[in-house]
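Next come the chains, spelled out residue by residue.
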Amino acid sequence: MALLQISEPNESPEPHTRRLAVGIDLGTTNSLVATIRNAVPECLPDVDGHTMLPSAVRYGEEGVIEIGDAALAHRGDDALNTITSVKRFMGRSVADLRGDATARYQFSTPTGDGKGQLKITTRQGAMSPIEISAEILRALKDRAEQSLGGPLYGAVITVPAYFDDAQRQAAKDAAKLAGLNVLRLLNEPTAAAVAYGLDKHAEGTFLIYDLGGGTFDVSILRLSRGVFEVLATAGDTHLGGDDFDSALAKHAFDTWGLTRTLSPTGQANLHAAARGAKEALTDAATATIKVNWGCGFDSSLDVAREQFFSLTQPLVDRTLTAVKRALRDAKVKAEEIDGVVLVGGATRMPHVRAALQAHFGKPPLADMNPDEVVALGAAIQADQLAGNASAGGEHLLLDVIPLSLGLETMGGLVEKIIPRNSTIPVAKAQEFTTFKDGQTAMALHVVQGERELVADCRSLARFELRGIPPMVAGAARIRVTFQVDADGLLSVSATETTSNVRADIVVKPSYGLGDGEIASMLQSAFAAAGSDMQARALAEARVDAQALIAALSNAVNVDRALLNDAEYAALSSQIAHLKHLADGSDHRAIARATEALNVASTDFAGRRMDRAVREALTGRRIDSVEKMV
Amino acid sequence: MNAFEAFGLQADTNIDLSALASRYRDLQSAVHPDRFANATDVEQRIAMARAVEINDAYNTLKDPVRRAMHLLSLKGIDALAASDTSMPVDFLMEQVEWREALADAKLKEDSERLEEMASEITSILHSLGDTFAAAWRGEHLPVATTLARKMRFMQKLGDEVDAALADLEQ
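Here is a short report on the structure shown in this document. (Residues numbered from 1 in each chain as written. Chains lettered and ligands numbered in written order. Predicted model: local features only at pLDDT ≥ 70, side-chain atom pairs only at ≥ 80, totals over all residues. Heavy atoms only, no water.)

Summing up its helical and strand segments, chain A has 15 helices and 27 strands in all. Buried residues in chain A amount to 53% of all 629 residues. A separation of at least 24 residues holds for 65% of the contacts in chain A among residues at least 6 apart in sequence. Carbon together with sulfur atoms contributes 51% to the accessible area of chain A, which is approximately 26600 Å² in total. (Helix = DSSP H or I, 4+ residues; strand = E, 2+ residues; numbered from the N terminus. Buried < 20%, exposed > 50% of the residue type's maximum accessible area, 1.4 Å probe, protein only. Contact = heavy atoms within 4.5 Å. Areas by Shrake-Rupley, 256 points an atom, 1.4 Å probe, with all protein chains shown as cover.)

Here is the structure:
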C-alpha cells in the first residue's frame, strides 16, 4: 500500500486515523515503552516521571502481584517470590541452568525430566518466565494506554539479536498473553540502529555494541538511504551487567572469608550492594560494598576502580571475541567501521569504552541515552508497521538470523539448511532420503547452532513424516523446507515428493505456549474481567473485515487499470457484500467472507506486486515521482 | 525466474557488486512485507514470497561461486551433480597439500599462517573466477564446469580456514 500513496512529505496520509502503536524494550533489568508523538519518538514515563520500569515481579500474599519498584522493595525480605532478571530464563529448561550463578529461585519443569520450559515456584504457584514477563508487559501496556488515552493497536517487542528460536517464541507468547497485538519481534541492536541512524542521519557501516543487564549483542549494519541492512550479528545471551555484579559479589564474599551458602535474602542483598558499587565506580575512584546480614552483623569492603576493572576484564574480553566474529562474518575490517554505537546501561563502564576505543581506534558514540535508544527504535518501527508513517518518511529493516538452522542426519551430525546471518525472510529446501529398504516413516529433528554435533546444538523440535510408500533405501525423495519469517521465527514442512505425503510444523514445541494454551489463559483472564468472548470475536472479525475493505477499496481505486471490467465488477460486488455482512453480528460469516475476498483478490495483488518490482528495476521510485508531483 | 532476471540483469559473469547491492535495496524496498503493513493478507503473503525470492537471488548473484553454478545451470549443467565428480589429479593433489597445511597450522595455532592462507585462497579464487568468465563467454562449457568446481573446492577450504581463525580467537 505504502508505495502507492503520494502525499506531502512528513505528513501522515490520514492524520485522524493514526493508530496507537508502541515499542517495548523488555529488558533483563529494566523495561521501557515508547511511542511517536508529534513525529518524535519518546519514552513514556509512569506517574512518578520514571521511564524505566524495573523488570521485577513479586507474587505477594492473597493474590497480589507487584511490578517494578514496588516488587524490588521486597527483593531482600521476600527473595523467593520476587523475580528479577526473568529474561535469562525465557525459552530455557532447568537443564540449561547448570552453573548459572544468578539462578537463585526454586525451579520446576512440567515434564520432570529437566527438559521443556522451566517454571519458577512462587507462593502463587509455579510461574513460567512467559507468564512473569507478561506481567511486566501488561504494566507497560496499561501505562501506554493511560498515557495515550485509548487501546493500543499493536506493539513491537524487542529481543536480543542472539536469542534463539525458543527464546523468541517465548517473548512473542508473553506479549500475546499480555493482550498485545505483536506487530513484530525486533532485534535490540537493530532497533538501536534505527533510532540512532534516523536521529543522526547516519550513512555508512556501523557496529552496535549492546551490553544489557543480562545479554550481549553485537550487530554490524550498513545504513544507506533509509535502508538498514544487517550484515552480521553475534553475541552471548548469558553475558551482561549482571555478570559484572556477580564477579564483584564473589570477590567480596571470598575476601570476607565467608564459607556458608548464603540465604536467598543474603544473596539478593549482596548482589544489590555489588551493583551499587559497580555503578559508583563509573565516576568514583573507589566504592564500598556494604551488606547488613541482620542480627546486628554486617560486612563492608572498599573496592578500587582498577581492582574492579581487572576482576571483570575477562568479561569485556568475551564481548570482544563476539565483536571479532561479527566483523569476520560481515567481511568488514575494524577500520572500515564508521562508528561504534553504545547501547545498554552496562556500556557506561569506563573499561568497556576503553576496550572499544583501543579496538577501533576511535571513541565509541555515546550521544544517545543507552537505556532508551532500543525502545525509541522499536517505537519508530511500530509506527511504520501500524501504517502511520508518511510515504517519504519510510525506512526498511533487513535483518538476519543469528544462528544456523539445520536437521539431524545419520550419526548425530547436523546438516545446516539455513546458515547464520542469512537475511530474513528466507526459505530453503533440501532433499533427504531413506536409510533402510521399505522405510515408511522418517523422524526429523530440527536444531539450531553452529556446532557439527547435534548434542552441541539447541534442539528446537522433533516431528515425524509418516506414510512414505515402501521403497528401496535411497529411492524416496523427502523435501524438507525451512522458512523463517520477518520475526525470525521458523516453520518447517516435509514432503515425500514422489507420493506427496506431507507434514508441517511451526517450531514451538516444548518452550513456547501452544496457541490453544494462550487462548485458554486469555479466556480465563477475560472471564475474570467479565468480558464477553463472543463480543470479542465479533469485534475482531469486524476489524479484520474493515481493514481488508479499506485496503482493497483503495487498491482498486488506485489500480483500476490493472483490472478488466468483469474483474472490477466482481471485486466491487464482493467488497459490498462484506461491508453488508460486517454491519451484522454473525462473526463466522464475516470471517468466511473476509477470507473469500482475500482469495479472490490474489491475482490482482500479484499484478500490483509485479508492477512495483518493475518500477524498482527501472528506478522509478515513488519518492522521486513525489518530487515531480 | 532466474536470479539475473529477478534483478533485471543479463546473465553474465561480469557483475558490478555495488550496483547490485543498491538494486537489491531498491527491490526490497518495493516488495518487503513491512511495506505492506496495511495491505490485505494476500498482498502480505505475496510480499513475503517475493522478499524470499529476492534474498535468494541476491545471495546467488553476489557470491562468485554460486553465481558461476547458476550461470552453468542456465545452460542446463548441474555442476554439483553426484554422477560426475571427476577432477584433475594435479588439482586434487594440491587440495591434499592445502588440507595438510591447514591441519598443521591448526595444530600449531599459527594464526599468521592461517591469515596468509586466507589471502592466498582469496587471490586464487579471483583468478579462477576470471578464467571461468573467459571459458563461459567462449562457450567452453566443460572447461567452465571444471573451473566452477575448483572454485567451490577453494571456497570451502577458505571457509574452513576462517573457521580455524575464529576458533583461535575464542
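Having seen it, we continue.
Once that is clear, we can look at the environment of Leu-490 of chain A. If you trace the backbone, Leu-490 of chain A turns up in strand β26 (residues 490-496). Measuring from C-alpha to C-alpha, the distance between Leu-490 of chain A and Ala-427 of chain A comes to 9.5 Å, with 63 residues separating the pair along the chain.

Turning next to the interface of chain A and chain B. Every contact between the two is made by 51 residues of chain A and, on the other side, 40 residues of chain B. Taken together, the two surfaces of chain A and chain B that pack against each other cover about 3900 Å², and 55% of this comes from carbon and sulfur. When the area that chain A buries against chain B is broken down by residue, the three leading residues are Arg-328, Met-609 and Leu-617 of chain A, summing to 18%. Between chain A and chain B we count seven salt bridges in total. One salt bridge in this structure joins Arg-35 of chain B and Glu-394 of chain A, with 3.1 Å as the shortest N-O distance. The interface formed by chain A and chain B holds 10 residue pairs in polar contact (both at pLDDT 80 or more) in total. (Buried area = accessible area lost by both parts, 1.4 Å probe. Salt bridge = Lys/Arg side-chain N within 4 Å of Asp/Glu carboxyl O. Polar contact = N/O pair within 3.5 Å; in protein donor to acceptor, adjacent residues only side chain to side chain.)

Our next topic: empty space enclosed by the protein. Residues and elements named next belong to chain A. According to the stated counting rule, one finds six cavities of 30 Å³ or more in the structure shown. If you trace the largest cavity, you find 15 residues lining it, with Arg-184, Leu-185, Asp-399, Ile-424 and Ala-486 closest to the centre. Looking at the lining of the largest cavity, the elements that each hand over two or more residues are β12 (182-187) and β19 (396-398). Ranked by the residues each element gives to the lining of the largest cavity, the list is headed by β12, at four residues. When the residues that make up the lining of the largest cavity are grouped by side-chain class, the tally is seven nonpolar, three polar and five charged. (1 Å grid on protein atoms, 1.4 Å probe; cavity = no way out; pocket = protein on both sides within 12 Å on 5 of 7 lines; lining within 4 Å. Points joined across faces, edges and corners; volume = space filled by probe spheres on them. Nonpolar A, V, L, I, M, F, W, Y, C, P; charged D, E, K, R; others polar.)

Let us look at the pattern of salt bridges. Under the defined criterion, the tally for this structure stands at 51 salt bridges over all chains. Between Asp-242 of chain A and Arg-88 of chain A there is a salt bridge, with its nearest N and O atoms 3.9 Å apart. Here the residue Asp-242 of chain A occupies a position in helix α5 (residues 241-255), and Arg-88 of chain A occupies one in the loop between β7 (82-84) and β8 (107-108), the gap between them amounting to 154 residues. Relative accessible area serves as the criterion here: at 6%, Asp-242 of chain A is assigned to the buried category. Between Asp-162 of chain B and Arg-328 of chain A there is a salt bridge, with its nearest N and O atoms 3.7 Å apart. In this pair, Asp-162 of chain B sits in helix α7 (residues 141-169) while Arg-328 of chain A sits in helix α7 (residues 305-330), so the two residues belong to two different chains. On the accessibility criterion, Asp-162 of chain B (30% relative accessible area) is partly exposed. Linked through salt bridges whose partners overlap, the residues forming this network are Arg-88, Asp-242, Asp-243, Asp-245, Arg-275 and Lys-278 of chain A.

We now examine α5 of chain A. Because an α-helix packs 3.6 residues into every turn, residues spaced three or four apart end up facing the same way. Residues and elements named next belong to chain A. With 15 residues, α5 should cover 21 Å at 1.5 Å per step; its first-to-last C-alpha distance of 21 Å lies within 8% of that length. Considered for burial, the residues of α5 that qualify are Gly-241, Asp-242, Asp-243, Phe-244, Asp-245, Ser-246, Leu-248, Ala-249, His-251, Ala-252 and Phe-253. Residue Gly-257 follows α5 closely and has a positive phi angle near 70°. (Expected span 1.5 Å × (residues − 1).)

All names here are of chain A. Within the secondary structure layout, His-351 lies in helix α8 (residues 350-360). Within the local environment of His-351, its side chain forms a polar contact with the side chain of Thr-312, the two groups lying 2.8 Å apart. Contacts of His-351, omitting those with residues within four sequence positions, involve Phe-244, Phe-308, Phe-309, Thr-312, Gln-313 and Val-316.

This next bit is on the packing of helix α4 (residues 64-74) of chain B against α7 of chain B. All names here are of chain B. Viewed as axis vectors pointing N to C, α4 and α7 meet at an angle of 155°, and their least axial separation amounts to 9 Å. When the interaxial angle is binned, α4 and α7 end up roughly antiparallel. In this structure, the crossing between α4 and α7 has a hand that is left-handed. For the pair formed by α4 and α7, the contact residues are Pro-64, Val-65, Ala-68, Met-69 and Leu-72 on the first element and Leu-141, Ala-144, Thr-145, Ala-148, Arg-149, Met-151, Arg-152 and Gln-155 on the second. In terms of residue class, the contact of α4 with α7 is built from nine nonpolar, two polar and two charged. (Axes fitted to C-alpha atoms, helices over the stretch in contact; angles between N-to-C directions. Parallel < 35°, antiparallel > 145°, perpendicular 65-115°, else oblique. Left-handed = near helix turned anticlockwise from the far one by under 90°.)

Here we come to the packing of aromatic side chains. Considering all chains together, one arrives at 10 aromatic pairs over all chains under this definition. Pairing Trp-256 of chain A with Trp-293 of chain A gives two aromatic rings, centres 6.2 Å apart and planes at 90°, and the pair type is edge-to-face. Taken together, the positions of Trp-256 of chain A in the loop between α5 and α6 (264-280) and Trp-293 of chain A in strand β16 (residues 286-294) put the pair 37 residues apart, joining distant regions of the chain. Given the relative accessible area of 19%, Trp-256 of chain A is considered buried. Between the aromatic rings of Phe-7 of chain B and Tyr-58 of chain B, the centroid separation amounts to 6.1 Å while the plane-to-plane angle is 20°, which identifies the pairing as stacked. With Phe-7 of chain B in the loop between α1 (3-6) and α2 (17-31) and Tyr-58 of chain B in helix α3 (residues 41-62), the pair connects residues that are 51 residues apart, well separated along the chain. This pair shows no difference in class: Phe-7 of chain B is buried, exactly as Tyr-58 of chain B is. Cluster of aromatic residues (ring-pair linked, three or more members): Phe-89, Tyr-105 and Phe-107 of chain A. Above the face of the Tyr-568 of chain A ring, Arg-560 of chain A is positioned so that its terminal group lies 4.0 Å from the ring centre. For the cation-ring pair, Lys-75 of chain B lies above Trp-136 of chain B, with the distance from its terminal atom to the ring centre recorded as 5.4 Å. (Phe/Tyr/Trp six-rings, centres within 6.5 Å; stacked < 30°, edge-to-face > 60°. Lys NZ or Arg CZ within 6 Å of the ring centre and 35° of its normal.)

So, about the pairing of β26 of chain A. Of all seven residues in β26 of chain A, six are buried, a share of seventy percent or more. Hairpin remark: strand β25 (residues 478-484) of chain A followed by β26 of chain A, antiparallel, with five residues in the connecting loop; positive phi at Gly-488 of chain A, about 85°. (Pairing = 2+ DSSP bridges.)

Residues and elements named next belong to chain A. The three strands lie next to each other as β6-β5-β7, forming an open sheet whose pairing is antiparallel. Across the chains shown, the open sheet's two edge strands, defined by having one partner strand only, are β6 (65-67) and β7. Averaged over all pairs of adjacent strands, the angle between strand axes in this sheet comes to 20°, irrespective of strand direction. Where strand β5 (residues 56-59) meets β7, three bridges bridge the pair, whose relative direction is antiparallel.

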